[in-house]
Amino acid sequence: MNTKVFLTEDEMPRQWYNLAADLPSPMQPPLGPDGNPISPDMLAPVFPMNLIEQEVSQERWIDIPEGVQELLRLWRPSPLYRALRLEKALGTPARIYYKNEGVSPAGSHKPNTAVAQAWYNKQFGIKRITTETGAGQWGSALAFACSLLGLECKVFMVRISFDQKPYRKLMMQTWNANCVPSPSPETNAGRDILKKMPDTPGSLGIAISEAIEAAVTDQSGQTRYSLGSVLNHVLLHQTIIGQEAKKQLAKAGEKKVDAVIACAGGGSNFAGIAFPFISDKINGADIAFYACEPTSCPTLTRGPFAYDFGDVASTTPLLPMHTLGHTFVPPPIHAGGLRYHGMAPLVSQTVVEGLVTPRAFDQLECYEAAVQWARTEGFIPAPETSHAIACVIDEAKKAKEAGQEKVILFNWSGHGLMDLNGYGAYFSGKLTNYALPDKDLKESLAPLDKLPKAKSIKTGKW
Amino acid sequence: MIDQYDELESRCRLLGHPVSFQYCRSQAEGHACRHLLNCWFERIPIEAYAQQYLTQEEIASLLSPPPSKLHTIIQLIEKAKKTPPA
């Protein structure tokens, strides 16, 4: 029995899969600040037109240019592993497979879109790309991609992260990127904040403002901006993961997969492995999809404050309110359906449709799972990845209880070698799952029960 | 006290590392992060905290539907276009 299933470079998928073409409830075009649909030319100051075309595309398949394939071949096709040692430790009849996206040079799935975006920018004549980053996973991926293509890379890293994550910063520097703490004195947005609050720790919002300003105000017209998650073209580029997995599962002799699992932050990691399989579910396959998030901020699963009514509503002025919740009246529902905080609209719609089930796991459970994983399979996972592992272990245990030979696939989205402080906190007992007593929580949230419930647009098939 | 929970830490799903409650309630410009309620409701009585220490405008802002990413990007493009040259 093989531990790894490889594809040859010739077997690497030649097209990306676009779920937007198959969603049973089509996505509505996003609206701009003026209430009208966003047109491609409105995005042109920050994205090259070839990527904007992908952002709005409804084509099911989009060719991966040979130039992008050549870059991806540096680490792709990524291996599909069978987690034999974990299966044995759990005593489960389930067969657990995982795509190891930690084999990329930056150590995560992020380079799958970083190299594609950098390549398209270069084709468009762009010389310099700006972006923002928190902990640095995306910033380092883009820095790596730009270094391959000889593009300048400017990363605005949130200052609190810049101070806490020195190694990601050094990775970016090694790949020749210019990484500065945000707010910086290099942009008007940064200078304004620094003037008011010189010691500010920064925020992702300010870093985005700086990155976009740096792109828009470059008089040469040769600078653009890049984003590592949420947008359609980003999710599209990640679908190579799931397509490879399909081929590899077939090579391993699997005729079907029962569960596909990934963590869900901005959505690109989940979309990457799940979207090609969701296509099968739309066409009748019986597959469970689990998008995993932390209970520390469970916006997908149970966040009572996660009101999100789409783009029409977002243009609504601030709502009058006297006490939290009591008089809050949600605005009209956009035909695009319920969307969740910070999550890619395409992923949100799969949840609304019932194609995907969100699940939340607490931090102790995740670290426990991560450590069990590391002590059986060897690789130390990123904290985000550990949410998926916790779900995998839970599903494998259920399969054991039911005596079912389930096939479980998940996305091992990246290593945790830059996040060992979190492991340190776990080992020293500093992490707790403090939570309000149920009674207090219920009382606290009771007023919200009186609120009108958000409606969602779905076909009701799943 | 407004700082009674400041020492508590939680993993920030936006930044990808732990941050203190102090960061969540004040962030860069002294305003609360829009995820404040969602990220803390299970750990502290966040509704009572918000009512005591946030203005009604701030609370309304936290509960307002967030704009889509593309919407935000368009807004920032328009703002940047009006930026005077450095």
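Details of the structure are given in the entry above.
Presented here is a report on the structure given in the accompanying data block. Per-chain numbering applies: the sequence of each chain, read as written, is numbered from 1 onward. Chain A is the first chain written and ligand 1 is the first ligand written, with later ones labelled in order. Under the rules for a predicted model, residues below a pLDDT of 70 receive no local features and side-chain atom pairs below 80 are neither given nor counted, while totals for whole chains, interfaces and linings still include all residues. As a convention, hydrogens and water are excluded, and side-chain values are obtained from all of the structure's heavy atoms.

**Overview of empty space enclosed by the protein**
All names here are of chain B.
Part 1 of the argument: Of the grid points, spaced at 1 Å and generated over the protein atoms alone, those admitting a 1.4 Å probe that cannot get out make up cavities, while open sets with protein on both sides within 12 Å along at least five of seven lines make up pockets; any residue with an atom within 4 Å of a point is treated as lining. Grid points are joined across faces, edges and corners, and a volume is the space filled by probe spheres set on the points. Inspection of the entire model under this criterion finds one cavity of 30 Å³ or more.
Part 2 of the argument: Considered as a void within the structure, the largest cavity measures approximately 130 Å³ in volume.
Part 3 of the argument: In terms of lining, the largest cavity is formed by 16 residues, of which the most central are Cys12, Cys24, Cys33, His35 and Cys39.
Part 4 of the argument: Of all the secondary structure elements, the ones that give two or more residues to the lining of the largest cavity are strand 1 (9-12), helix 1 (21-26) and helix 2 (36-40). For the purposes of this entry, the term helix denotes a DSSP run of H or I that reaches at least four residues, the term strand denotes a run of E that reaches at least two, and both are numbered from the N terminus.

**A look at helix 5 (residues 111-123) of chain A**
An α-helix turns once per 3.6 residues; consequently, residues spaced three or four apart project the same way.
Residue and element names in this part refer to chain A.
Part 1 of the argument: In this analysis, the expected span of each helix is defined as 1.5 Å times one less than the number of residues it contains. The terminal C-alpha atoms of helix 5, which comprises 13 residues, lie 18 Å apart, in line with the 18 Å expected from a rise of 1.5 Å per residue.
Part 2 of the argument: Per-residue accessibility, obtained with a 1.4 Å probe over protein chains only, is compared with the maximum for each type, and a residue is labelled buried under 20%, exposed over 50%, and partly exposed between these values. By the criterion of burial, helix 5 is predominantly enclosed, with eleven of the 13 residues buried.
Part 3 of the argument: By the burial criterion, the buried members of helix 5 are Pro111, Asn112, Thr113, Ala114, Val115, Ala116, Gln117, Ala118, Trp119, Tyr120 and Asn121.
Part 4 of the argument: At the exit of helix 5 stands glycine 125, carrying a positive phi of roughly 90 degrees.

**Observations regarding the state of the cysteines**
All names here are of chain A.
Part 1 of the argument: Disulfide assignment relies on a single distance test, namely cysteine sulfur atoms paired within 2.5 Å. Within the structure shown, the criterion is met by zero disulfides over all chains.
Part 2 of the argument: With no disulfide of its own, cysteine 179 has cysteine 153 as its nearest cysteine by sulfur position, at a separation of 8.9 Å.
Part 3 of the argument: Its sulfur unpaired, cysteine 391 is 3.7 Å from the next cysteine sulfur, which belongs to cysteine 292.

**Side note on the nonpolar core**
The tendency in soluble globular proteins is for nonpolar side chains to be buried side by side.
Part 1 of the argument: Membership of the largest hydrophobic core comes to 72 residues, with the highest contact counts inside it found for A:Ile278 and A:Leu409.
Part 2 of the argument: For the domains described, the bounds stem from an automatic or database domain assignment. Inspection of this core shows a minimum of three residues originating in each of domain 1 (80-103 + 235-449) and domain 2 (111-227) of chain A.
Part 3 of the argument: What A:Leu409 contacts, discounting residues up to four positions off in sequence, is A:Leu80, A:Tyr97, A:Ala245, A:Leu249, A:Val257, A:Ala259, A:Val260, A:Ile261, A:Ile273 and A:Phe277.
Part 4 of the argument: Core analysis: the second largest hydrophobic core is formed by 48 residues, A:Ala214, A:Ala215, B:Leu36 and B:Leu62 among them. Remark: nonpolar core denotes a set of buried residues (Ala, Val, Leu, Ile, Met, Phe, Trp, Tyr, Cys) joined through side-chain atoms within 4.5 Å. Any two residues whose heavy atoms approach within 4.5 Å are treated as being in contact.

**Considerations on the packing of helix 2 (residues 49-56) of chain A against helix 5 of chain A**
All names here are of chain A.
Part 1 of the argument: Note on geometry: axes are lines fitted to C-alpha atoms, helical ones only across the stretch in contact, with angles between N-to-C directions running from 0 to 180 degrees. At a minimum axis distance of 8 Å, the contact between helix 2 and helix 5 shows a crossing angle of 130 degrees. The angle between the axes of helix 2 and helix 5 places the two elements in the oblique class. Listed contacts from helix 5 to Asn50, Leu51 and Gln54 of helix 2 are Gln117, Tyr120, Asn121 and Gln123. To sort the angles, those under 35 degrees are grouped as roughly parallel, those over 145 as roughly antiparallel, those from 65 to 115 as roughly perpendicular, and the leftovers as oblique.

**Thoughts on the packing of helix 6 (residues 137-149) of chain A against helix 8 (residues 166-174) of chain A**
All names here are of chain A.
Part 1 of the argument: Between helix 6 and helix 8, whose axes approach to 8 Å, the crossing angle comes to 10 degrees. Classified by the interaxial angle, the pair formed by helix 6 and helix 8 is roughly parallel. You can see that helix 6 and helix 8 cross each other, and the crossing is left-handed. For the pair helix 6 and helix 8, the contacting residues are Gln137, Gly139, Ser140 and Ala143 in the first and Arg168, Met171 and Met172 in the second.
Part 2 of the argument: Residues are grouped as follows: nonpolar covers Ala, Val, Leu, Ile, Met, Phe, Trp, Tyr, Cys and Pro; charged covers Asp, Glu, Lys and Arg; every other residue, Gly included, is treated as polar. Looking at the contact of helix 6 with helix 8 residue by residue, the class counts come to three nonpolar, three polar and one charged. In this scheme, a crossing is called left-handed if the near helix is turned counterclockwise away from the far one by less than a right angle; it is called right-handed if the turn is clockwise.

**Quick word on the pairing of strand 10 (residues 259-263) of chain A**
Residues and elements named next belong to chain A.
Part 1 of the argument: Of all five residues in strand 10, five are buried; the element is thus mostly enclosed.
Part 2 of the argument: Residues Ala259, Ile261 and Cys263 line one face of strand 10 and the alternating positions Val260 and Ala262 line the opposite face, and both faces are buried.
Part 3 of the argument: Each pair of strands is called paired provided DSSP finds at least two bridges between the two strands. Here five bridges tie strand 10 to strand 11 (residues 288-294), and the two strands are oriented parallel to one another. Its bridge partner lying in strand 11, alanine 262 is registered against alanine 291.

**Quick word on unusual backbone geometry**
Residues and elements named next belong to chain A.
Part 1 of the argument: Omega for the peptide link from arginine 76 to proline 77 comes to -5 degrees, which places this bond in the cis form.
Part 2 of the argument: In this structure, proline 77 sits in the loop between helix 3 (66-72) and strand 4 (80-82).
Part 3 of the argument: Cis geometry marks the peptide bond from serine 182 to proline 183; its omega dihedral reads 10 degrees.
Part 4 of the argument: For proline 183, the position within the fold is in the loop between strand 8 (178-182) and helix 9 (188-196).
Part 5 of the argument: Backbone geometry places valine 230, a non-glycine residue, at a positive phi of 70 degrees.
Part 6 of the argument: Counting through the fold element by element, valine 230 comes out in the loop between strand 9 (223-225) and helix 11 (232-238).

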